[in-house]
Structures are given as structure tokens and as C-alpha cells.
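Geometric and topological summary
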Amino acid sequence: MGIDEQPESSTPLYLDTASAAPVRREALQAAWPYLTGAFGNPSSHHEVGRTSSEALTHARRRVAKVLGMRSTDIIFTSGGTESDNLAIIGMALGADARAAGRTGDGSAGHAPRRHIVTSALEHEAVLASTDFLRRRHGFDVAEVPVESDGTVTVDALTSVLRKDTCLVSLGYANNEIGTVSDVAALAEAAHDVGALFHTDAVQAAGWLPLSGLGVDALSLAGHKVGAPKGIGVAAIRARVPLEPLIHGGGQESGRRSGTENVALAVAFATALELAEAERADAAARVQVIRDDFISEVLETVPGAFLTGSPGSRTPNHASFCFSGTSGEAVLLELERLGITASSGSACAVGSDEPSHVLTALGIDADVAKTSVRFTFPAGISADDGLRAAQAVSAAVDSLVLSYS
């Protein structure tokens, strides 16, 4: 398809919800009272403070209900990165302290467990946290082998688990390639050797079930489900020993000090509830549009190939490499045509290196630099999907011609 065949549209099409979803009006409306009249500190022992405290408690219960966990398991954080850090570092150090009998809960010490398992495909927040534990605390970190489509199998995990494994951290849905892992089965395998299991579920929220996973901890970020940026949740079972990363007044049951952001906690709970209520219908409808989009791109763009699992991926996610082009050039041309997408994770600020996820899958570094990710909003239409596919074909055509 030539660029002259690309239909013009004055309405921009935003296909980067894996980076940030639009803020829901309902979330803003729910937050507004706690930014205005009900502004009190939830730790204060007066009526204004009690109003904020009650709102925070209610928000915690609402989040817990969606996750199928207890309200005492819910820790409000600043976002997914902090949640990953708190879960991984906090649980590993907490388990180490318990082994040494340093928890103060009366538990007897036992043999240290200082082996951690993750994968090379994880979000930078996970990889940096496990690397910190290796560098600064002497933990042994192993990476589980992954399939070429990004799948982590139970057999692969079992092959690297040891008697001294204390923690496994594997993502639920990969942010760059969309591949979904069977975290319930992986968590069960980890528990078989007595290890704790954490999953980064940031990209799963609103698209995949969040309850009944059998995990010990999971991470969420508000701006992926329609809450403002700056709020997240580390859902960590209250029975799990946890070493706090932020020290101070002992808020969040002593697990994350600092005055809580009540307004954003309420916004998060509201957005998460709405996303969960809409999830089944939205996932089924968007997956059909996404599948048609993938088919159209693969049929009309020579050299394009899908990255990640063709069958086991989040319903709104499509990611490709366009050999012979530049991913950044494709994105610029798409933006000129009214389509906003991304080249992968928005969290690796300023990096021009190829994706660590794609290279871990065996994709050549130069080819990995041609990657483009499309993540659809819940409200996308079939016409939007077709328009996006036509724009991809036109953009790549124009670049191939200009390079030849």
C-alpha cells in the first residue's frame, strides 16, 4: 500500500495504553473531595483526619476485593516501580531476617535461603531490584530459561529452583511483547520448594483476572487502569515478613512510611473496580480487533514479524519488528499519520539500546531496534483497528522506499 492510499483522519488514535491509559473521569471525580474539603491527614486524630482515614480504609478494602486478598495485604505506593522494589527487596530481606532470627516476632532462626529466581524478560524495576540484592546483600540470582515467544514453563522454573530459593519473581504479562505467563502454576512450583512468589501484574490489570493466582505478592500501577500517575499497590500477604524500604512514621501498618495520598488511593480503587467490571467484555471484544490488526499487518507489510506469543498474550497487545527500517522512524511516520504507538517500555528513560526483552529472545540487536508496540484502549473500534493497520503499512512502505 502506498502512502497516498492512507486515509486521512483528523482524530488522533492513541495506541500506547501499556505506557499510560487515559485518566477516567470517575477516578478524578472520586478523588476530588480529598483534594479539597476532605484534605486531612489520615493519621490525625480529629474529625478531618478521620474522614480521610475512613476513605483510605475503604479504598484499601475495594482494592483487596478485586485482588481476592485481605485489606491488610494492600500497601499503597507511588507506582509499579516502587511496588516491585518493595515486594522483591522487602520480602527477600524479610526472609533473610527471619532465617537469622532478627524479625522480633519470636520466630526461631533457620538455615538461610538466599537464592532468587527471575527471568531476563522482566521489567527493569524487577531486574534492578534483584541485581541490588545480588550486589549489596550477596544473594544468588538465577534466570529461568524462556521460550522463544517469551513463555516461562513450569519445567523451566523447576529446573532452576533450589532448596535455598527464597523468592521467585516472574511477570504476569510482559510489557514489551504481551506474553502471558501461567503465574498460578509457577507460584505453585515455587511454593513446592518453600519459596515466596511475586508477580508484576502491572500490564495484566484490566485485561486478565487478578484474583485466585495463589501468589504471595503482586504489583500494580494506577496509570495503567485509568487512575492518575503516582499511585500504585504492592499487594503483599500480611503474614509474609517484609523489610520496609521507606522508614518513618510507620504508616501502611509499618510497611511503607509516609503520609498516604488519600485522593490518589481513592482514584486507584475507583479505576481498578471499573476496569475489573468491564474486563471480560472489553477483553473479548478488543482481542478480535487486535487479531484482525495483526493479520492485516502481517499480510501487508513485507518482512514484518510478530514478537511474543501468538496465542497467549494480553488481549490488547500487538508488537512487531519491521526489518529493514528503524522503529523510531516508523513511530515518527505513524505519528504524522495520526497514530501514537511506542517502541517498547516507556520506563527505560533516554535509552537507545535495543530491547533487553527482544535480545533475550534471540532477536538480533539491529532487528530489535525496528520494534514497535501497539496497545489498544478498551474503547477501540474495528474501524480504528483497520485504520491503524493501514497506517502501519503506509508508514513502513514510505520508509522502505526512502531507504532503497
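Before any of the text, the structure's been laid out above.
Presented here is an overview of the structure given in this document. All figures in this text were calculated on a predicted structure; none of them were measured in a lab.

Cut-offs used in this document
Residues numbered from 1 in each chain as written. Predicted model: local features only at pLDDT ≥ 70, side-chain atom pairs only at ≥ 80, totals over all residues. Heavy atoms only, no water. Helix = DSSP H or I, 4+ residues; strand = E, 2+ residues; numbered from the N terminus. Contact = heavy atoms within 4.5 Å. Lys, Arg positive; Asp, Glu negative; His and termini not counted. Charge placed at Lys NZ, Arg CZ, Asp CG, Glu CD. Salt bridge = Lys/Arg side-chain N within 4 Å of Asp/Glu carboxyl O. Buried < 20%, exposed > 50% of the residue type's maximum accessible area, 1.4 Å probe, protein only. Phe/Tyr/Trp six-rings, centres within 6.5 Å; stacked < 30°, edge-to-face > 60°. Lys NZ or Arg CZ within 6 Å of the ring centre and 35° of its normal. Pairing = 2+ DSSP bridges. Axes fitted to C-alpha atoms, helices over the stretch in contact; angles between N-to-C directions. 1 Å grid on protein atoms, 1.4 Å probe; cavity = no way out; pocket = protein on both sides within 12 Å on 5 of 7 lines; lining within 4 Å. Points joined across faces, edges and corners; volume = space filled by probe spheres on them. Expected span 1.5 Å × (residues − 1). Left-handed = near helix turned anticlockwise from the far one by under 90°.

What follows is about the overall build of the chain. In terms of regular secondary structure, the chain is built from 11 helices and 12 strands. Along the three orthogonal principal directions, the C-alpha set of the chain runs to about 70 × 55 × 35 Å. Relative to all contacts within the chain whose residues are 6 or more apart in sequence, the contacts with residues 24 or more apart total 74%. When the 31 positive and 48 negative side-chain charges of the chain are each reduced to one mean point, those points stand 10 Å apart.

Quick look at the pattern of salt bridges now. Applying the stated rule across the entire model yields 16 salt bridges. A salt bridge links Arg373 to Asp16, with the nearest nitrogen and oxygen atoms 3.2 Å apart. You can see Arg373 sitting in strand S12 (residues 371-375) and its partner Asp16 sitting in the loop between strand S1 (13-14) and helix H1 (25-31), a full 357 residues away along the chain. Comparing Arg373 with Asp16 shows no difference in burial state: the two are buried. The partner of Glu252 in a salt bridge is Arg60, with the nearest N and O atoms 2.7 Å apart. Residue Glu252 is located in the loop between strand S8 (232-236) and helix H7 (262-300), and its partner Arg60 is located in helix H2 (residues 47-67); the two are separated by 192 residues in the primary sequence.

As a further point, take the packing of aromatic side chains. All told, the structure shown has five aromatic pairs when counted by the stated rule. Arranged with centres 6.1 Å apart and planes meeting at 65°, the rings of Phe320 and Phe374 form a pair that is edge-to-face. Highlighted residues: Phe320 in strand S10 (residues 317-322) and Phe374 in strand S12, separated in sequence by 54 residues. Judged by relative accessible area, Phe320 falls into the buried class, the value being 0%. Phe374 gets classed as buried once you look at its relative accessible area, which sits at 0%. An aromatic cluster is defined as three or more aromatic residues linked by ring pairs; in this entry it consists of Phe293, Phe320, Phe322, Phe374 and Phe376. Sitting over the ring of Phe139, Arg114 keeps its end group 4.2 Å from the ring centre.

Further remarks concern the sheet that holds strand S2 (residues 74-77). Across the sheet, seven strands lie side by side as S2-S8-S7-S6-S5-S3-S4; this open sheet has mixed pairing. Because the sheet does not close on itself, it has two edges, and the strands there are S2 and strand S4 (140-143). Taking each pair of neighbouring strands and ignoring which way they run, the sheet shows an average axis angle of 20°. Along the sheet, helix H4 (residues 124-137) contacts strand S3 (115-118), S4, strand S5 (165-169) and strand S6 (196-200); its crossing angle with S3, the most-contacted strand, is approximately 160°.

Turning our eyes to something else, we now look at empty space enclosed by the protein. Applying the stated criterion across every chain, the model contains one cavity of 30 Å³ or more. Of the volumes computed, that of the largest cavity is approximately 60 Å³. Around the largest cavity sit 11 residues that line it, and Glu176, Ser319, Ser343, Leu358 and Ser371 are the ones nearest its centre. Of all the secondary-structure elements, those providing two or more residues to the lining of the largest cavity are S10 and S12. Examining the composition of the lining of the largest cavity, we find that three residues originate from one element, S12, more than from any other.

Next up on the list: helix H3 (residues 80-99). Its 20 residues give H3 an end-to-end C-alpha distance of 28 Å, which sits within 8% of 28 Å, the value for a rise of 1.5 Å per residue. Positive backbone phi, approximately 70°, marks Gly101, located one or two places after H3.

What follows concerns the packing of H3 against H4. Between H3 and H4, the least distance of the axes is 9 Å, while the angle of their chain directions is 35°. Once H3 is placed against H4, the crossing between them reads as right-handed. Within the contact between the two elements, H3 uses Thr81, Asp84, Asn85, Ile88, Ile89, Ala92 and Leu93 and H4 uses Ala125, Val126, Ser129, Thr130, Phe132, Leu133 and His137.

This part is about the sheet that holds strand S9 (residues 304-306). Spatially, three strands are ordered S9-S10-S12 in an open sheet, and the strand pairing comes out antiparallel. The open sheet has two edge strands, S9 and S12, and neither has a second partner. For this sheet the average axis-to-axis angle between neighbouring strands, irrespective of direction, equals 25°. Direction of pairing for S9 relative to S10: antiparallel, over a ladder of three bridges. Bridging across to S10, Ala304 finds its partner in Phe322. Contacts from H7 reach S9, S10 and S12, with the element oriented near 10° to S10. Here helix H8 (residues 327-336) sits on the sheet in contact with S10 and S12, set at roughly 45° to S12.

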